[in-house]
Amino acid sequence: MSLRICKHFGVCGGCSYLDKPYEEQLEEKVRAVKELLSVEPEEVHPSPKQYYYRNRMDFVAAPGPKIGLNVRGKWWETVDIEECLLQSPESDAVRNRFREHMRERGLEGWDRINRRGLIRFLSVLEGKYTGERLIFVVVYEKNERLGLFDFLEKVRSTGIKITSIILGINRGVRDDARAEQLEIVYGSETITEKIGSLTYLLHPNAFFQPNSYTLDTMIKTALSFMDLKGGETVLELFSGAGTFTIPFAKAAGRVVAVESDPDSAKIAALNLKLNKVKNVELVQERAERVSLKYDYVILDPPRSGLSYKLVKKLRKAKPKRILYISCNPQTQARDIQQLGYKIDRLSIIDQFPQTPLIETIALLKK
Ligand SMILES: C[S@@+](CC[C@H](N)C(=O)[O-])C[C@H]1O[C@@H](n2cnc3c(N)ncnc32)[C@H](O)[C@@H]1O
C-alpha cells in the first residue's frame, strides 16, 4: 500500500510513524515487544485498516480558536488540525465545521495554562460497523451562545450523519475528554457498534477499544488462549464496558467483572442485557479492593499497568491462569516479572497503525 502523509506530520503528536511503510512499522513494534517480553509471539496480527480505523477521536480546543491535537511533546500547545488520517473524512468535516462554528459564535477554546475559556474538547465517536456517529462537546460551563442545534443543522446540510450530540460539563483539573455532567442535546447518550455477533454501546465517558477492525481478533485470541471448558468462574479486572466480559460469559460458567469507573460499569450492565448475558456479577470497585481467590483471572489495565498493591495481592492469590491484555508492553513486562509468572503464549495485535503503540495478549502460568 502506498504511503499517505498528512499535512501536519512532524508537528502533530498523533502519528509519528506515518512516514514509515506499514510493514516496517509493524516489524519495529514486534521487535520492541520481543525485547521487552523476551518471548517469541505465536501470532502477529496487522490491522486490517491502516488509516481511518479509530472509532473515537478526542480533539482538543484552544484559544484562537484552534481545534486539533497536541503538538508532539508539548501537551500545552495545539496543532490546528485540518486533516487527520486516523478516524474518517466525515470526522474531519465535523471538526473543521465546529471550528467555524466557534468563530462565528465567538466561542473561545480552552487555555490549558491559565485555565480560562469555554470549549475544552470535541470528541467524535463512530460505530464503524453501524454508521452511527456521536458528537461530544466538552465545555467548562454552559453558555447560551453554544448553539449546538444550529451546529447539528449545519453538519447535516452537508449530508453527514449525526446520531447523537451530547454536551459534557467538565470543570475539573483533569484534562481529558470526559465530563462529570452530561446533557443530551440530540439523540441518546450512546451509539451502537457491532463486533462480530456482539453488540456494544459506545458512551462518551466510557472506555472502548479504539480500533473496531482489530477487536474481533482480540476477543477470539483472548478466548482461545484462556481455553475454557464451560463451567469455570473467571475474575475479570479492569472490565470497562464489558468488551471481554460478554464473550467470556458465553464461554464460562460465570464471570465476576470488576471496574472502578461508574459510567463504564453502567454501560457494561446495558451491554450485558443487549447481548442477553446473565451469568455475570458486575462489581463497581477498584481492583485492589476485591477478593482475588479465583483460578482464572483476566487483566486489562490502563497504560500505567498494575499498582504494586494489586501485584502483591495477586502474588498471594496465585491464580492458575492469568490472561494479561495490555496496550503498553513496558508496564506489562514489569508487572509479569513482579507477579512471578511466565509467558506461556503471546499474541501481538496492531491496534494502532501509524503510531508506536501496540497491543499484546499474554497467557501467564506459574
Ligand atoms: C484499558 S481499559 C480496558 C477496559 C475493558 N477491558 C475493555 O476492553 O474495554 C482499562 C479500564 O480499567 C478501569 N480502571 C482503571 N483503574 C482501575 C482500578 N484500579 N480498578 C478497576 N478498574 C480500573 C478504567 O476505568 C478502564 O475502564
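Conventions adopted
Residues numbered from 1 in each chain as written. Predicted model: local features only at pLDDT ≥ 70, side-chain atom pairs only at ≥ 80, totals over all residues. Helix = DSSP H or I, 4+ residues; strand = E, 2+ residues; numbered from the N terminus. Buried ≥ 20, exposed ≤ 12 C-beta atoms within 10 Å, placed from the backbone. Contact = placed C-beta atoms within 7 Å. Near = placed C-beta within 6 Å. Nonpolar A, V, L, I, M, F, W, Y, C, P; charged D, E, K, R; others polar. Domains from an automatic or database assignment. Pairing = 2+ DSSP bridges. Right-handed = clockwise from strand over helix to strand, strands pointing away. Axes fitted to C-alpha atoms, helices over the stretch in contact; angles between N-to-C directions. Parallel < 35°, antiparallel > 145°, perpendicular 65-115°, else oblique. Left-handed = near helix turned anticlockwise from the far one by under 90°.

Some points on the overall build of the chain
Looking only at helices and strands, the chain features eight helices and 17 strands. For the chain, the C-alpha atoms occupy an extent of roughly 60 × 45 × 40 Å along the three principal directions. Out of the 366 residues in the chain, the part that is buried amounts to 46%. A fraction of 66% describes how many contacts in the chain between residues 6 or more apart in sequence connect residues 24 or more apart.

Remarks on the site of the ligand
Around the ligand lies a shell of 20 residues, among which Phe238, Gly240, Thr243, Asp261 and Ala287 are the nearest. Classifying every residue of the shell around the ligand by side-chain character gives nine nonpolar, six polar and five charged.

Regarding the domain arrangement of the chain
Domain parsing of the chain yields domain 1 (23-49 + 211-365) and domain 2 (56-192). Each of domain 1 and domain 2 has a C-alpha centre, and the two are 30 Å apart. Residue-level contacts link four residues of domain 1 with four residues of domain 2. Looking at the side of domain 1 that touches domain 2 residue by residue, the class counts come to two nonpolar, two polar and no charged.

A closer look at the pairing of strand E14 (residues 296-299)
A two-sided burial pattern is seen for E14, the buried positions comprising Tyr296 and Ile298 on one face and Val297 and Leu299 on the other. Pairing analysis gives four bridges linking strand E11 (residues 233-237) to E14, with the strands arranged parallel. From the neighbouring strand, glutamate 236 faces E14, where its bridge partner is isoleucine 298. Here E14 pairs with strand E15 (residues 321-326) via four bridges, running parallel. Bridge pairing links leucine 299 to tyrosine 324 in E15. Once the chain exits E14 it traverses helix H7 (residues 308-317) before rejoining the sheet at E15, and the crossover so formed is right-handed.

Examining the sheet that holds strand E1 (residues 43-45)
Sheets are built from strands paired through backbone hydrogen bonds, the pairs being either parallel or antiparallel. One open sheet accounts for eight strands, arranged E1-E16-E17-E15-E14-E11-E12-E13; its pairing is mixed. Both outer strands of the open sheet, E1 and strand E13 (280-284), are each paired with one neighbouring strand and no more. Taken pair by pair, the neighbouring strands of this sheet meet at an average axis angle of 15 degrees, ignoring direction. Across six bridges, the pairing between E15 and strand E17 (residues 359-365) is antiparallel. Opposite isoleucine 325, over in E17, you have isoleucine 361 as the bridge partner. Of the strands in this sheet, E1, strand E16 (342-349) and E17 are in contact with helix H1 (residues 22-37), which crosses E16 at around 165 degrees.

Looking at the sheet that holds strand E3 (residues 66-71)
In space, the seven strands of this open sheet follow the order E4-E3-E2-E5-E6-E7-E8, with mixed pairing throughout. Every other strand in the sheet has two partners, leaving strand E4 (74-80) and strand E8 (181-186) as the edge strands with one partner each. Here the average twist between neighbouring strands, direction ignored, is 35 degrees. Of the pairings in the sheet, the one linking E3 to E4 comprises four bridges and is antiparallel in character.

Let's talk about the packing of H1 against helix H8 (residues 329-339)
For the pair H1 and H8, interaxial distance at closest approach is 9 Å and the crossing angle is 15 degrees. Between H1 and H8, the angle is such that the two are roughly parallel. As H1 packs across H8, the resulting crossing turns out to be right-handed. Contact residues: Val33, Leu36 and Leu37 in H1; Pro329, Gln330 and Ala333 in H8. Split into classes, the residues belonging to the contact of H1 with H8 amount to five nonpolar, one polar and no charged.

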